[in-house]
Amino acid sequence: MFNMPNFRVYRKYARSNSNSRPRNNSNSSPIAKEGVFVTRINGTSRSLLWRLKRWFYASIRQYLETLGSDIFDEELSKSFWAQISSAIVEYTNENGLVETPVQAEVHYKLQNLNGKLAFTITSVTLKFFKEFKSETITYQYKEKEQ
């Protein structure tokens, strides 16, 4: 009979209590009240908005499933997203940064508004990675005439 070697990876948590996994207490909530989401560097601001939109609606879906529609206000959260996304689009269009690589850092919070919780974005920091243009300047030394 073939004996399998003891793989410590699979038995790590079963052997001792000192290495045991932390258990979720029933008192602790799996919902983050506030946090920061940092995107990877995106090729354009359009792809950044696509990634932020996916993150935002996935977060809303998670809050709705966990909290329920009687506690969480989905429509108010969507209106906050519409304001933020339109501000990002206006800024990038005005400054000609639509095709520039960009990274975003989004600070968000669950706030109690009108008796319900709403997913609000408190701040967005955009970091643009512009390509530097290099120019070559040729200087020729001229001797002074005496």
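The numbers attached to residues start from 1 for each chain and follow its sequence in the written order. With pLDDT at 70 or above as the cut-off, local features in this predicted model cover only qualifying residues; side-chain atom pairs require 80 or more to be listed or tallied, and sums for whole chains, interfaces and linings still use all residues. Calculation of side-chain values draws on the structure's entire complement of heavy atoms; hydrogens and water are dropped beforehand.

Draft legend 1. Highlighting the pattern of salt bridges. We define a salt bridge as a side-chain nitrogen of Lys or Arg found within 4 Å of a carboxyl oxygen belonging to Asp or Glu. Under the counting rule described, the total for this entry stands at two salt bridges. R46 is the salt-bridge partner of E99, the closest N and O atoms lying 2.6 Å from each other. With E99 in the loop between helix 3 (74-94) and strand 2 (102-113) and R46 in helix 2 (residues 45-67), this pair connects stretches of sequence that are 53 residues apart. Here E99 matches R46 in class, with each residue exposed. Under the DSSP-based scheme used, a helix requires at least four consecutive residues in state H or I and a strand at least two consecutive residues in state E, with every element numbered from the N terminus. Per-residue accessibility, obtained with a 1.4 Å probe over protein chains only, is compared with the maximum for each type, and a residue is labelled buried under 20%, exposed over 50%, and partly exposed between these values.

Draft legend 2. Region of interest: the nonpolar core. For this analysis, a nonpolar core means a set of buried residues of the types Ala, Val, Leu, Ile, Met, Phe, Trp, Tyr and Cys, connected via side-chain atoms within 4.5 Å. Ranked by internal contacts, the top residues of the largest apolar core, which has 17 residues, are L52, W55, F56 and F119. For this core, the secondary structure elements donating two or more residues are helix 2, helix 3, strand 2 and strand 3 (116-128). Sort the elements by how many residues they give to this core and helix 2 lands first, with seven residues. Residues count as neighbours in contact if any of their non-hydrogen atoms are within 4.5 Å of one another. If near-sequence neighbours (up to four positions away) are discounted, W55 is found in contact with F37, V106, Y108, F119 and I121.

Draft legend 3. Structural context of the packing of aromatic side chains. Within 6.5 Å between ring centres, the rings of Phe, Tyr and Trp (the latter by its six-membered ring) count as paired, and their orientation is classed by plane angle as stacked under 30 degrees, edge-to-face over 60, tilted in between. Counted according to the given criterion, the structure contains 10 aromatic pairs. Pairing F56 with Y57 gives two aromatic rings, centres 5.4 Å apart and planes at 90°, and the pair type is edge-to-face. Pairwise contacts between aromatic rings join F37, W55, F56, Y57, Y63, F72, W81, Y108 and F119 into one cluster.

Draft legend 4. Here's a closer look at the sheet that holds strand 2. For two strands to be treated as a pair, DSSP must find no fewer than two bridges joining them. Taken in spatial order, the three strands line up as 1-2-3 in an open sheet, and their pairing is antiparallel. The outermost strands of the open sheet, each flanked by one partner alone, are strand 1 (34-38) and strand 3. Each strand axis lies, on average, 20° off the axis of its neighbour in the sheet, ignoring direction. Relative to strand 2, strand 1 is paired through five bridges, and the arrangement is antiparallel. Of the residues in strand 2, the one forming a bridge with E34 is K109. In this analysis, axes come from line fits to C-alpha atoms, helices being fitted only over the stretch in contact, and the angle between any two N-to-C directions falls in the range 0 to 180 degrees. Running at roughly 25° to strand 2, helix 2 makes contact with strand 1, strand 2 and strand 3 of the sheet. In the packing of helix 3 onto the sheet, the strands contacted are strand 2 and strand 3, and the crossing angle to strand 3 comes to about 15°.

Read these as geometric descriptors, not functional statements.
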